[in-house]
Amino acid sequence: TRNQLVLLHEHEAFLFAHVLASLWYVAGLTAVQISLIRGQADNISLRSDAFEEATHYQGMLLVPGSIAVAATGLFLWSQQLGNNMLTTGWLVIVELIYIITLLVCLPFVGMGLRRARIAALQARRKGASTPELDQAMADSVPLFFAGIATLLAPVAAALSVFQPF
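1. A look at the packing of aromatic side chains
Right, on to step 1. The tally for this structure, following the rule as stated, stands at 4 aromatic pairs.
Right, on to step 2. With centroids separated by 4.6 Å and ring planes inclined at 45 degrees, the aromatic side chains of Phe14 and Phe75 adopt a geometry described as tilted. On the criterion of sequence distance, the pair formed by Phe14 in helix α1 (residues 2–38) and Phe75 in helix α2 (residues 44–80) is long-range, its members being 61 residues apart.
Right, on to step 3. Arranged with centres 5.1 Å apart and planes meeting at 90 degrees, the rings of Phe144 and Phe145 form a pair that is edge-to-face.
Right, on to step 4. Taking the relative accessible area as the measure of exposure, Phe145 reaches 16% and is therefore buried.
Right, on to step 5. Among the aromatic residues, ring-to-ring pairing joins Phe108, Phe144 and Phe145 into one connected group.

Laid out in structure tokens, this is it:
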């Protein structure tokens, strides 16, 4: 009937929005990690530029993409497809993955990135490396937590697709 057809199109529209949000998030993860790795250069100017770029990608791709993935995914699976957010096992695990990503991984990436960016800007202004920049460069926390977020993304995707329990 016509109502079933409209519901099918809404479901497909939310699924499409969720896939686009996932691509947005993964693009942000990739761009931030590549920029962080580029920041390991010896040239102070290149370091500063790399951390500025990583901060830009964090604000334009990573954080909004992660929020969009959570919003579209939870709405799609709970409202459109009728899964209970509290009793559907695989969906509860996906929710926990979102919470870990949004409240643990991304804040640690952001804090480490901010610290490195400020230290690189200070070193650029001084014209030489500073002890703060050396400490920030020795800190692997941003890359570690970005890597954890990267590993959690396919786990959440697999749970969403295969719905094992």
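2. Notes on unusual backbone geometry
Right, on to step 1. Positive phi outside glycine occurs at Gln163, with the angle close to 40 degrees.
Right, on to step 2. Looking at the element boundaries, Gln163 is found in the segment after α5 (141–162).
Right, on to step 3. Note on Gln163: relative accessible area 34%, which makes it partly exposed.

3. Quick notes on the nonpolar core
Right, on to step 1. Formed by 36 residues in total, the largest nonpolar core has its most connected members in Tyr25, Phe51, Leu62, Trp90, Val94, Val109 and Leu133.
Right, on to step 2. Within the residue set of this core, elements represented by two or more residues are α1, α2, α3 (89–126), α4 (131–138) and α5.
Right, on to step 3. Sort the elements by how many residues they give to this core and α3 lands first, with 13 residues.
Right, on to step 4. Sequence-distant contacts of Leu133, that is, excluding residues within four places in its chain, are made with Ile44, Arg47, Ala116, Ala119, Ala120 and Ala123.

4. Here's the deal with α4
Right, on to step 1. Of the residues making up α4, those classed as buried are Leu133, Ala136 and Met137. Down the axis of α4, the sector holding all buried residues measures 100 degrees, keeping them to one side. Structural note: α4 exposes Pro131, Gln135 and Ala138 on the side pointing more than 90 degrees away from its buried face.
Right, on to step 2. For α4, the secondary structure elements touched by its buried residues are α2 and α3.

5. A closer look at the side chain of Ser78
Right, on to step 1. Tracing the chain through its elements places Ser78 in helix α2.
Right, on to step 2. In this structure Ser78 comes out as buried when scored by relative accessible area, which is 10%.
Right, on to step 3. Here the side chain of Ser78 touches Leu74 through a polar contact of 2.6 Å, landing on its backbone oxygen.
Right, on to step 4. Those residues in contact with Ser78, other than ones at most four positions away along the chain, are Asn83 and Met85.

Here is what the cut-offs are and how they apply
Residues numbered from 1 in each chain as written. Predicted model: local features only at pLDDT ≥ 70, side-chain atom pairs only at ≥ 80, totals over all residues. Heavy atoms only, no water. Phe/Tyr/Trp six-rings, centres within 6.5 Å; stacked < 30°, edge-to-face > 60°. Helix = DSSP H or I, 4+ residues; strand = E, 2+ residues; numbered from the N terminus. Buried < 20%, exposed > 50% of the residue type's maximum accessible area, 1.4 Å probe, protein only. Core = buried A, V, L, I, M, F, W, Y, C linked by side-chain atoms within 4.5 Å. Contact = heavy atoms within 4.5 Å. Arc of directions from axis to C-beta. Polar contact = N/O pair within 3.5 Å; in protein donor to acceptor, adjacent residues only side chain to side chain.

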